[in-house]
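The lines below spell out each chain.
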Amino acid sequence: MKILVALKQVPDTETKVKVAADGRSLDPTDVKWITSPYDEYALEEAIRLKESAQAEVTVVTLGDDKGKDVLRNALALGADNAILLKGDGQGDAFAVASALAAFAKDKGFDLILAGNKGMGGDNSAVGPMLAELLGWAQANVVVKLELSGATFRAEREIEGGSEAVEGSLPAVITAQKGLNEPRYASLKGIMAAKKKTIEEADATGLPAASAWSALTLPPARPEGRKLEGDAASQAKSLFGLLRDEAKVL
Amino acid sequence: MFPALTEDQLAIQEAAREFATAEIEPGAMARDHSAEFPKAIIGQLGEMGFMGMMVPEVYGGSGVDALSYILALEQISYADASVAVTMSVNNSVACAPIAAFGTEAQKQKYLKPLASGAVLGGFMLTEPDAGSDAAALKCRATKVDGGWKLNGAKAWITNGGVGRYFVTMAITHPELGKKGISAFVLDADQPGVIMSKPEEKMGLRSSKTVMVTLEDAFVADDDMLGQPGDGLKVAFGGLDGGRIGIAAQALGIMQRALDESIQYAKTRHSFGKPIGEHQAIQTYLAEMHAKVEASRLLIYKAAMLKDAGKPCTLEAATAKLFSTESAVWVCDRAVQIFGGYGYSREYVVERLYRDVRVTTVYEGTSEIQRMVIARGLTK
């Protein structure tokens, strides 16, 4: 079985986000880049399938040279092959999905695994678009995956419960927290990954369907207010504020 | 950052930092309070290859150099020095002597499980009446059919009760004095090896240290490390590595104490400004920083000499003396900077102050290090 895992490099959640001078992109200075955590669940699932079912695991990311870091990390965790598709991995979801589809088609993959969304962008768009562009079955926000021959059974989170989806391979499955507990790379894996080659190719695919027009930070939190007076009058004014201003009572 | 690290060394340092931050740090205070041994964490460290870092891959280790080991130990110690000492003992004084002196069969039987983290190991040299003066040990090995029976008492045995294979020194030939001491790999999983309940220690509380009583504990002839009479050679063979390791443990602790102090000095106010703007606190921080940086250079230099296969006894002893004495001072100042809060168990510097104290005592006291240094200078 051949599995492709699509990885996205995203800013670390602890990054203090700054808007760049153009007013519509992220200022990349001081940003620490990591593998999107949802993609880590996807990769872990692929590596478990490699261990239990002798799957061959290929990882791909769309981006520039710094994208090699996520690929190197995936190799250290147990991926067999890594490909850097040179292009804009941070932009329009449709362009990303179409670049991945152009890469993946005719390569004989039985399964594509990806995070259900890229941390930070939170669009949840690339996985489903990729499945549609390839004409494959899909299951998203998956917390349990079972494969049997050429079919899959996936349990996915839905509002207030879970839903089981069955389908045939090839398929695109997007991972949700809970699918598994990702491992840490072993020192042996880290050393071995340094000796593996990362292939590079130019991304091909359809042009972007959307573009960022503006990026703004949420307004700063207003300063807190201190109520004066004795306990009874403070309680009275608090009640008034909650009812008339916050409108929660 | 130290400017001469290779890509591999940086990657190992980062892997250790990431694991320590995510998995070790969060429970460190609770484990200090409960003295609970971090079994799951040690298991994970084993799976990742941190328990036999310098052991060749064919024997289940990671096959990395001494400097990589030091870098990892520093990061783990930064998060929890109890975990670091458990790891250090397994690497430096269980795996290392077996890797250096063991036969192929001993390596297959003992080194593989120790290096891969499947079982924990330790070192039984010290006795109630033989500490720094190791040659004064009294534990007797008596020849029996197929092996030896060990009788005696061993003290301050780290990983006792949680580990299985212990490099153990005992007298095989009493008439030969120091040269009558031999080394064995002892399997603690037998009735003749009696572990006391863990010592109630000031610090490193989630690591386990016990008194061991040996009552006819059996080791086979094949379990002798090296030749008869090689006991002290085996015991002292790993001393340089062990000293560099404990120096790195102290380094991790004092770096943490410094970072915590800087953070606190920026946020705590007195007399209308952050305390970090008061000159008294500034001089403490500057001195602490200088000691941390100087220690780091001494430790890395000793490790790099070891990796180059050059003698490093003088450098290892110097690194151990300076780093551990510095670390005790740095943690003391951290408590001072934190004021009353530094005396509270709610704050990490209180633990650092207790954890660091043993570093000038074990793996060769500061007094022994001074002796080794002076001998090296005047020989």
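### Quick look at the overall build of chain B
From N to C terminus, chain B includes 12 helices and 10 strands. The globule rule puts the C-alpha radius of gyration for 379 residues at 21 Å, and the 21 Å found for chain B is close to it. Its C-alpha atoms give chain B principal-axis dimensions of roughly 80 × 45 × 35 Å. Contacts in chain B between residues at least 24 apart in sequence constitute 73% of all its contacts with a sequence separation of at least 6. In the form shown here, chain B has an accessible surface area of approximately 15900 Å², with 56% of it arising from carbon and sulfur atoms.

### Digging into the sheet that holds strand β4 (residues 56–63) of chain A
All names here are of chain A. Strand order in the open sheet made by the nine strands is β9-β8-β7-β10-β6-β1-β4-β5-β11, with mixed pairing throughout. Lying at the two open borders of the sheet, with one neighbouring strand each, are β9 (161–168) and β11 (198–202). Strand-to-strand, the axes of this sheet are offset by a mean angle of 30 degrees, without reference to chain direction. Pairing of strand β7 (residues 137–148) with strand β10 (residues 171–175), which is carried by four bridges, proceeds in the parallel orientation.

### Some points on the domain arrangement of chain A
Domain boundaries assigned for chain A yield domain 1 (2–202) and domain 2 (219–249). For domain 1 of chain A and domain 2 of chain A, the distance between their C-alpha centroids amounts to 46 Å.

### As for the packing of helix α8 (residues 239–267) of chain B against helix α10 (residues 313–338) of chain B
All names here are of chain B. α10 packs onto α8 with a crossing angle of 25 degrees between their chain directions and a minimal axis gap of 8 Å. It follows from the interaxial angle that α8 and α10 lie roughly parallel. The handedness of the crossing between α8 and α10 is left-handed.

### A few points about α8 of chain B
Side chains of residues three or four places apart in an α-helix project in the same direction, reflecting 3.6 residues per turn. Under the 1.5 Å per step criterion, the end-to-end length of α8 of chain B is 42 Å for 29 residues, consistent within 8% with the ideal 42 Å. Burial of α8 of chain B is extensive: 22 of the 29 residues sit out of reach of the surface.

### Observations concerning helix α12 (residues 366–378) of chain B
Residues and elements named next belong to chain B. Spanning 13 residues, α12 covers 18 Å between terminal C-alpha atoms, matching the ideal 18 Å at 1.5 Å per step. All of the buried residues along α12 are S366, I368, Q369, V372 and I373. Taken end-on, α12 shows its buried residues confined to a sector of 160 degrees, consistent with a single buried face. Within α12, the exposed residues directed more than 90 degrees away from the buried face are E367, R375 and T378. Those residues of α12 that are buried lie in contact with α8 and α10.

### Focus on the interface of chain B and chain A
The interface is formed by 21 residues belonging to chain B together with nine residues belonging to chain A. Summed over both partners, the interface of chain B with chain A buries about 1200 Å², with 66% contributed by carbon and sulfur atoms. The interface formed by chain B and chain A holds one salt bridge in total. Across the pair E7 of chain B and K194 of chain A runs a salt bridge, and its minimum N-O distance is 3.6 Å. Summed over the shared surface of chain B and chain A, the number is two residue pairs in polar contact (both at pLDDT 80 or more). If you list the elements that add at least two residues to the side of chain B that touches chain A, you get α1 (7–24) and α3 (39–48) of chain B. Here the residues of the side of chain B that touches chain A sort into nine nonpolar, five polar and seven charged.

Procedures and definitions
Residues numbered from 1 in each chain as written. Chains lettered and ligands numbered in written order. Predicted model: local features only at pLDDT ≥ 70, side-chain atom pairs only at ≥ 80, totals over all residues. Heavy atoms only, no water. Helix = DSSP H or I, 4+ residues; strand = E, 2+ residues; numbered from the N terminus. Rg over C-alpha atoms; globule rule 2.2 N^0.38 Å. Contact = heavy atoms within 4.5 Å. Areas by Shrake-Rupley, 256 points an atom, 1.4 Å probe, with all protein chains shown as cover. Pairing = 2+ DSSP bridges. Axes fitted to C-alpha atoms, helices over the stretch in contact; angles between N-to-C directions. Domains from an automatic or database assignment. Parallel < 35°, antiparallel > 145°, perpendicular 65-115°, else oblique. Left-handed = near helix turned anticlockwise from the far one by under 90°. Expected span 1.5 Å × (residues − 1). Buried < 20%, exposed > 50% of the residue type's maximum accessible area, 1.4 Å probe, protein only. Arc of directions from axis to C-beta. Buried area = accessible area lost by both parts, 1.4 Å probe. Salt bridge = Lys/Arg side-chain N within 4 Å of Asp/Glu carboxyl O. Polar contact = N/O pair within 3.5 Å; in protein donor to acceptor, adjacent residues only side chain to side chain. Nonpolar A, V, L, I, M, F, W, Y, C, P; charged D, E, K, R; others polar.

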